[in-house]
Amino acid sequence: MALLDIQNLRITYDTPEGVVEAVKDVSLTVDKGETLAIVGESGSGKSQTAFATMGLLPHNAKVSGSIKYQGQEVIGLSQNEMNKLRSNEIAMIFQDPMTSLNPYLRISDQMAETLIYNAPDGKRMKKKDAIAECVRMLESVKIPDAKDRIHLYPHEFSGGMRQRVMIAMSLLCRPKLLIADEPTTALDVTVQARIMDLLVELQEEFHMAIVLITHNLGIVAGSCERTMVMYQGEVMEQGLTTDIFGSPTHPYTKGLLSAVPRLDQDEERLMTLDRSFEAQMAEEQL
């Protein structure tokens, strides 16, 4: 049985201009300990799929299909049931840590709250014990002087360090599935590589599965076993990352790969995504 099994997921919104389909008939599976990359340009439905899994869609969203976590249907769960699932089983890292962290609270208060109310063993921790555990987790994500820095405010950390704090917070309850939504978007290339290496290390340490949502194909090749390509809410193709990168079958995937700058090419001109595949897709649907 797959850890996460999504079948025929459809997400729509009623707007003044009519019904908008954000996700159209998406199906995917994630096994225990596996890493799946969901790639595509902005607006392709990657984050909407993740938010549906976490039960974080706005109230005006209409969801159909099936999302099962360890065999349990997620769609239709009550708020209390979703809170338990999010706190103990599934965690998510969002794009911008500065907007995810409360700027008015110290890191110690924000992290400790998770363990005080949602400790992995189901019991509430005393704040002193919770902070000690938070320090250990900050050390595991390689934040230096964690014992002192845990009492700082978010603005006193660099962008890369704030992202490490968010990763540490997401792992406090030892989730079995981690959804990372563009975790390196706001970071420079060097820090991006460090964050991805860190996620791989933590995955092995905590034996968790990861769903990596990104438009950056460069960070997918070395860290994800399988890749799913999305465009305008639909799945274009999915399979082993080596197959997707080595011999893509869909014109959109070929276009994405051709738009990635390469160091082994002499041409200085940056390729753009050729939209001719849209005509091919329209012909196939006729």
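Check the entry above for the structure.
Just so you know, these numbers come straight off a predicted model, no measurement behind them. (Residues numbered from 1 in each chain as written. Predicted model: local features only at pLDDT ≥ 70, side-chain atom pairs only at ≥ 80, totals over all residues. Heavy atoms only, no water.)

**Student:** Quick question: what am I supposed to make of the sheet that holds strand S10 (residues 234-240) here?
**Tutor:** Think of a sheet as strands paired side by side through backbone hydrogen bonds, with each pair either parallel or antiparallel. Reading across from one edge, S6-S7-S8-S3-S9-S10 is the order of the 6 strands in this open sheet, with mixed pairing throughout. With one partner strand each, in any of the chains shown, strand S6 (90-93) and S10 form the two edges of the open sheet. Each adjacent strand pair in this sheet contributes to an overall mean axis angle of 15°, direction not counted. Here S6 runs beside strand S7 (residues 177-181); their pairing, made up of 4 bridges, is parallel. Paired with Ile93 across the two strands is Ala180, which belongs to S7. Each of S6 and S7 touches helix H7 (residues 159-171); the most contacted strand, S6, lies at about 170° to it. (Pairing = 2+ DSSP bridges. Helix = DSSP H or I, 4+ residues; strand = E, 2+ residues; numbered from the N terminus. Axes fitted to C-alpha atoms, helices over the stretch in contact; angles between N-to-C directions. Contact = heavy atoms within 4.5 Å.)

**Student:** Help me out: how do you make sense of the environment of Asn102 in this one?
**Tutor:** With respect to the helices and strands, Asn102 occurs in the loop between helix H3 (97-100) and helix H4 (107-118). Measuring from C-alpha to C-alpha, the distance between Asn102 and Pro154 comes to 7.5 Å, with 52 residues separating the pair along the chain. The contact partners of Asn102, leaving out residues within four places of it in the chain, are Gln110 and Pro154. In terms of polar contacts, Asn102 uses its side chain to reach the backbone amide nitrogen of Tyr104, at 2.9 Å. (Polar contact = N/O pair within 3.5 Å; in protein donor to acceptor, adjacent residues only side chain to side chain.)

**Student:** Quick question: what am I supposed to make of the nonpolar core here?
**Tutor:** It is characteristic of soluble globular proteins that their nonpolar side chains tend to be buried jointly. In terms of nonpolar packing, the biggest core is built from 52 residues, with Met111, Val165 and Ile167 touching the most fellow members. Core analysis: the next-biggest nonpolar cluster, separate from the first, contains 33 residues, Leu3, Tyr13, Leu28 and Leu57 among them. (Core = buried A, V, L, I, M, F, W, Y, C linked by side-chain atoms within 4.5 Å. Buried < 20%, exposed > 50% of the residue type's maximum accessible area, 1.4 Å probe, protein only.)

**Student:** How should I be thinking about the sheet that holds strand S2 (residues 18-30) in this particular structure?
**Tutor:** The 4 strands lie next to each other as S2-S1-S4-S5, forming an open sheet whose pairing is antiparallel. Of all strands in the sheet, those bounded by a partner on one side alone are S2 and strand S5 (72-73). Seen against the sheet, helix H1 (residues 46-54) touches strand S1 (4-15), S2 and strand S4 (61-69) and runs at an angle of roughly 105° to S1.

**Student:** Hey, could you run me through the packing of aromatic side chains in this one?
**Tutor:** Two aromatic rings, taken as a pair, are described by how far apart their centres are and by the angle between their planes. Taken as a whole and judged by the stated rule, the model has 2 aromatic pairs. Centre to centre, the rings of Phe51 and Phe94 are 6.4 Å apart; their planes meet at 35°, and the pair counts as tilted. Of this pair, Phe51 sits in helix H1 while Phe94 sits in the loop between S6 and H3, and the two are 43 residues apart along the sequence. Phe51 sits in the partly exposed class, given a relative accessible area of 21%. Plain terms: the ring middles of Tyr231 and Tyr252 are 4.6 Å apart, the flat faces sit at 35° to each other, and that makes the pair tilted. Pair noted here: Tyr231 is in strand S9 (residues 226-231) and Tyr252 is in helix H10 (residues 251-258), with a separation of 21 residues, a long-range link. Among the residues examined, Tyr231 registers a relative accessible area of 5% and is labelled buried. (Phe/Tyr/Trp six-rings, centres within 6.5 Å; stacked < 30°, edge-to-face > 60°.)

**Student:** Hey, could you run me through H10 in this one?
**Tutor:** One turn of the α-helix equals 3.6 residues, which is why residues spaced by three or four share an orientation. Three or more residues of H10 are buried, namely Tyr252, Thr253, Gly255 and Leu256. Around the axis of H10, the buried residues are gathered within 160° of arc, so they sit on the same side. (Arc of directions from axis to C-beta.)

**Student:** Help me understand the layout of surface pockets in this model?
**Tutor:** A probe as big as a water molecule, rolled over the atoms, marks out the empty space that is left. Approximately 580 Å³ is the volume attributed to the largest pocket. Arg86, Ser87, Thr114, Met169 and Ser170 are, among the 22 residues lining the largest pocket, the residues nearest its centre. Broken down by secondary-structure element, the contributors of at least two residues to the lining of the largest pocket are helix H2 (79-88), S6, H4 and H7. Residue contributions to the lining of the largest pocket peak at 5 residues, all from H4. (1 Å grid on protein atoms, 1.4 Å probe; cavity = no way out; pocket = protein on both sides within 12 Å on 5 of 7 lines; lining within 4 Å. Points joined across faces, edges and corners; volume = space filled by probe spheres on them.)

**Student:** What exactly am I supposed to notice about the side chain of Thr214 here?
**Tutor:** Here Thr214 lies in strand S8 (residues 209-214). Among the polar contacts made by the side chain of Thr214, one reaches the main-chain amide nitrogen of Asn216 at a distance of 2.8 Å. Apart from residues lying up to four places away in sequence, Thr214 is in contact with Ile38, Val39, Gly40, Lys46, Glu182, Ile219 and Val220.

**Student:** I keep staring at empty space enclosed by the protein and nothing clicks. Help me out?
**Tutor:** Inspection of every chain in the model, using the stated rule, returns 3 cavities of 30 Å³ or more. If you trace the largest cavity, you find it lined by Leu4, Ile6, Leu28, Ile38, Lys46, Thr49, Ala50, Thr53, Ile179, Val211 and Ile213. Every element with two or more residues in the lining of the largest cavity is listed here: S1, H1 and S8. A per-element tally of the lining of the largest cavity places H1 first, with 4 residues. Class assignment of the residues belonging to the lining of the largest cavity gives a composition of 8 nonpolar, 2 polar and 1 charged. Quantified by volume, the second largest cavity comes out at close to 50 Å³. Lining the second largest cavity are Thr35, Met196, Leu199, Val200, Gln203, Ile210, Leu212 and Ser223. Those elements that place two or more of their residues in the lining of the second largest cavity are helix H8 (189-206) and S8. Class assignment for the residues of the lining of the second largest cavity results in 5 nonpolar, 3 polar and no charged. (Nonpolar A, V, L, I, M, F, W, Y, C, P; charged D, E, K, R; others polar.)

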